[in-house]
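# Fold and contact review
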Amino acid sequence: MVIASGQRHYLAFNLVKRLEDQNGVLTIAEKIQEGLWSEEDCATTQNPDALLGCVRYYLSKGELNKDYVNRAVSVLDETKSPAAKEKALEIKEQLVYYLKWLKRDSIYKIQKQKQDSIFKIQKQKQDSIQRVNEVKIRQDSIQMLQQRLAQHPGDSALIFQLAEEYGSLAFYLILAKHPPIQAIEAAQKGLALATKQTWINTNLALGYLYNGEWAKAEQIYQRWMDVSWATSGSESDFETFREVFLDDLDVLEEAGVTCPDLSKARALLEEKK
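Residues numbered from 1 in each chain as written. Predicted model: local features only at pLDDT ≥ 70, side-chain atom pairs only at ≥ 80, totals over all residues. Heavy atoms only, no water.

Let us now look at the side chain of arginine 266. Of note, arginine 266 is situated in helix H12 (residues 262-270). Note on arginine 266: relative accessible area 16%, which makes it buried. Apart from the residues within four sequence positions on either side, arginine 266 is in contact with Leu246, Leu249, Asp250 and Glu253. (Helix = DSSP H or I, 4+ residues; strand = E, 2+ residues; numbered from the N terminus. Buried < 20%, exposed > 50% of the residue type's maximum accessible area, 1.4 Å probe, protein only. Contact = heavy atoms within 4.5 Å.)

Residues Leu206, Leu209, Tyr210, Tyr221, Phe245, Leu249 and Leu252 are the most contacted members of the largest nonpolar core, which totals 46 residues. Secondary structure elements with two or more residues in this core: helix H6 (82-151), helix H7 (156-175), helix H8 (180-193), helix H9 (200-210), helix H10 (214-224), helix H11 (241-254) and H12. Here leucine 206 is in contact with Phe171, Ile174, Tyr221, Asp248, Leu249 and Leu252, once residues within four sequence places are set aside. (Core = buried A, V, L, I, M, F, W, Y, C linked by side-chain atoms within 4.5 Å.)

Turning our attention to the packing of H11 against H12. H12 packs onto H11 with a crossing angle of 150° between their chain directions and a minimal axis gap of 10 Å. Every pair of crossing elements has a handedness; the one defined by H11 and H12 is left-handed. The segment H11 lies against H12, with Arg242, Phe245, Leu246, Leu249, Asp250 and Glu253 engaging Leu262, Ala265, Arg266, Leu268, Leu269 and Glu270. Considered class by class, the residues forming the contact of H11 with H12 number seven nonpolar, no polar and five charged. (Axes fitted to C-alpha atoms, helices over the stretch in contact; angles between N-to-C directions. Left-handed = near helix turned anticlockwise from the far one by under 90°. Nonpolar A, V, L, I, M, F, W, Y, C, P; charged D, E, K, R; others polar.)

Quick look at the packing of aromatic side chains now. Per the stated rule, a full pass over the model turns up seven aromatic pairs. With centroids separated by 4.8 Å and ring planes inclined at 70°, the aromatic side chains of tryptophan 229 and phenylalanine 241 adopt a geometry described as edge-to-face. A residue pair is termed long-range when its members are at least 10 positions apart, and tryptophan 229 in the loop between H10 and H11 and phenylalanine 241 in helix H11 qualify at twelve residues. Each of the two residues, tryptophan 229 as well as phenylalanine 241, counts as buried. Both rings, one in phenylalanine 241 and one in phenylalanine 245, keep their centres 6.2 Å apart while their planes meet at 45°; by these two values the pair is tilted. Here the residue phenylalanine 241 and the residue phenylalanine 245 both occupy positions in helix H11, the gap between them amounting to four residues, near one helical turn. For the pair phenylalanine 241 and phenylalanine 245, a shared accessibility class is recorded, and that class is buried. Among the aromatic residues, those joined into a ring-pair cluster are Trp214, Tyr221, Trp224, Trp229, Phe238, Phe241 and Phe245. The side chain of arginine 223 reaches across the aromatic face of tryptophan 224, ending 4.1 Å from its centre. (Phe/Tyr/Trp six-rings, centres within 6.5 Å; stacked < 30°, edge-to-face > 60°. Lys NZ or Arg CZ within 6 Å of the ring centre and 35° of its normal.)

Throughout the structure, instances matching the rule amount to eight salt bridges. The partner of lysine 264 in a salt bridge is aspartate 261, and the shortest N-O contact between them spans 3.6 Å. For lysine 264, a relative accessible area of 43% corresponds to the partly exposed category. Classification of aspartate 261 as buried rests on a relative accessible area of 13%. The closest approach of N and O atoms between glutamate 270 and arginine 266, which form a salt bridge, is 3.4 Å. Here glutamate 270 pairs with arginine 266, and both are found in helix H12, just four residues apart, close to one helical turn. (Salt bridge = Lys/Arg side-chain N within 4 Å of Asp/Glu carboxyl O.)

Its 20 residues place the ends of H7 29 Å apart at the C-alpha level, agreeing with the 28 Å of an ideal helix rising 1.5 Å per residue. Within the sequence span of H7, burial applies to Leu158, Leu162, Ala163, Glu165, Tyr166, Gly167, Leu169, Ala170, Phe171, Leu173, Ile174 and Leu175. At the N-terminal end of H7, a side-chain oxygen is found 3.0 Å from the backbone nitrogen of alanine 157, two or three residues along, and the residue is aspartate 155. Phi for lysine 177, located one or two positions after H7, is positive at around 65°. (Expected span 1.5 Å × (residues − 1). Polar contact = N/O pair within 3.5 Å; in protein donor to acceptor, adjacent residues only side chain to side chain.)

On the secondary structure map, aspartate 248 appears in helix H11. An unpaired buried charge is present at aspartate 248: no salt bridge exists, and arginine 266, the closest side chain of opposite charge, is 10 Å distant. (Lys, Arg positive; Asp, Glu negative; His and termini not counted.)

Let us now look at the packing of H7 against H9. Running from N to C, H7 and H9 cross one another at 35°; their axes reach a closest spacing of 9 Å. Regarding H7 and H9, the two cross each other, and that crossing is left-handed. Packed against H7, whose contacting residues are Ala163, Gly167, Ala170, Phe171 and Ile174, the element H9 presents Ile200, Asn203, Leu206, Gly207 and Tyr210 at the interface. The class makeup of the residues in the contact of H7 with H9 is seven nonpolar, three polar and no charged.

So yeah, pure geometry; function would need other evidence.
What follows is the structure, encoded as structure tokens:
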């Protein structure tokens, strides 16, 4: 008699029914499925018939490891009964093939890891070169604009462009891992030229953050994070400065450019109003 309830009652009833249908005998695969036979049982059994059942079950699942395959082949080699030997031969052939597949798969994974590693190194080099180029582009642009401004003093359009380039340069200096003080100086020059381009404060904050001046960075975050981005002088589709502050941190972290106070900044910016 089986006494159970709910899902356990269903499982118990189902098991009894299957036992009755099979004259009280469950296959190894069924025992594994019902939790009556464990992986440990399969890993230690010396019974060829039980081992054959385990091998067939785990072969169907593709879950055999190399050590188990080798042990199974060894046990099957010692099979005594003629009937079992015939079964063992068939399974051994499958195991040997599976073992070769495991070896090929292992070689493939090693090769892929090497390729991925080489690709990662190459990408890092390319990214580093790109960041240096971005800095150079801004520096060249600033030099050109300064020359033009010398020829046309007070040209508001040139002043606006120059401020924008200084603001952008500040970010790329951080991204290219230049001394953060350079980013601070670039951002300050941009703001001095065009105070209405308040978006430059986002990169000034980064300069202070990466220069270890947390109090100054925090002051900028607190002052601007909930201010509408529409007032920033930038046409980007952000709602508040907070989003831009966080987006910049994401970009820098993803590029592997970190600093001790970065987690402080993120915690502050992710706080709800």
